[in-house]
Every structure is written in C-alpha cells, then in structure tokens.
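Residues per chain are reported as follows:
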Amino acid sequence: MIKTNPLLLPTLMLGVFALLSMELGMMGVLPIVAEVYNVSVADAGWVVSIFALIVALVAPILPPLLTKYDAKKVLLTCLLVFSVSSFLAAFCTNFIVLLNLARNSSVFSPYLLRLCL
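What comes next is a walk through the structure. In this convention, every chain numbers its residues from 1, walking through the sequence in written order. The predicted nature of this model means local features are confined to residues of pLDDT at least 70 and side-chain atom pairs, given and counted, to a pLDDT of 80 or more, with totals for whole chains, interfaces and linings taken over all residues. Processing note: side-chain calculations cover all non-hydrogen atoms of the structure and skip hydrogens and water entirely.

1. Looking at the overall build of the chain
We count it as follows: Strands here mean DSSP runs of E at least two residues long; helices mean DSSP runs of H or I at least four residues long; both are numbered from the N terminus. Throughout, exposure labels follow a simple rule: accessible area from a 1.4 Å probe, protein chains only, divided by the maximum for the residue type, with under 20% read as buried, over 50% as exposed, and the rest as partly exposed.
Broken down by element type, the chain carries 8 helices and 0 strands. Each helix (α) and strand (β) of the chain, taken in turn from the N terminus, gives the series α-α-α-α-α-α-α-α. Counting only C-alpha atoms and orienting by the principal axes, one finds that the chain spans roughly 55 × 30 × 20 Å. The burial tally for the chain puts 34% of its 117 residues in the buried class.

Put into structure tokens, the structure is as follows:
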C-alpha cells in the first residue's frame, strides 16, 4: 500500500494557484504597478514579460536536469524560492528589484508546474 501525505494535494494546488496568480494576476494590475513604481505601463509589462520569457526558456531544460534529484526535495525548494520571491515582490519599493524577483520566481516555475500537474 502506498502511503501518501494528506497535505500533498493542498500543497500542490496552492503551488499551481500561486504560480498562475503571479503571471496572470499581474496583467490585471499593470496600471497600478506602473503608478506605484512611477514607470510607464509598457515598462511595468516587463514584469510579466520577464516571467514568461524565462519560463519559456527554462521549461525544456530544467525539468530533465532535475530528474536525478529527489522530487520531494526539489518541489520544496521550488516552492520555497517561489514563495519567498513572491512575498518579497509584494513589499519591494524598487522596480529593478521587482524585475529581479520576478526572474527568481520564474526559474523554478516550470518544474513546479510539472510536478503539480
């Protein structure tokens, strides 16, 4: 009989929700981001663009590289990096720092999505 952790499914669901909220939710608040950071809406759009570009570039490369490691530890690492980056992004006051945090959270997103789905 296979033992499963009862928190596994809620954790995976929360991971997918956070991942999709980071990218898709940001598109709806771009004018607010532009106003808060005193940049144009086009410049604020780079937050979504950087996230999407890095996910597109890393998605075919990272999951095969990480298959040799324990999936549970990699999943927890991905969740930790994504969560910390997203949390810090919510409170940062510099637009360049926001772009870097979006980059950090996007690196492990393809592997996180792969494991969750």
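2. A look at unusual backbone geometry
With a phi close to 60°, Asn38 is a non-glycine residue in the positive phi region. Within the secondary structure, Asn38 is located in the loop between helix H2 (30-37) and helix H3 (41-44).

3. Section: the side chain of Ser106
Selection rule: Polar contact is the term for a pair of N or O atoms within 3.5 Å; when the atoms are in protein, one must be able to donate a hydrogen and the other to accept it, and sequence-neighboring residues count only if both atoms are side-chain atoms.
With respect to the secondary-structure elements, Ser106 resides in helix H7 (residues 95-107). We classify Ser106 as buried; its relative accessible area is 0%. At 2.8 Å, the side chain of Ser106 and the backbone oxygen of Arg103 are in polar contact.

4. Re helix H6 (residues 71-91)
Definition in use: The span one expects for a helix is its residue count, reduced by one, times 1.5 Å. As used here, the arc is the angular range of directions from the helix axis to the C-beta atoms.
Taking 1.5 Å of rise per residue, the 21 residues of H6 would be expected to cover 30 Å, and the 30 Å separating its terminal C-alpha atoms lies within 8% of that figure. Residues Val74, Leu75, Cys78, Leu79, Phe82, Ser85 and Ala89 constitute the buried set of H6. Each buried residue of H6 sits inside an arc of 145° when the element is viewed along its axis, so together they form one side. With respect to the buried face of H6, the exposed residues turned more than 90 degrees away are Lys72, Lys73, Leu80, Phe87 and Phe91.

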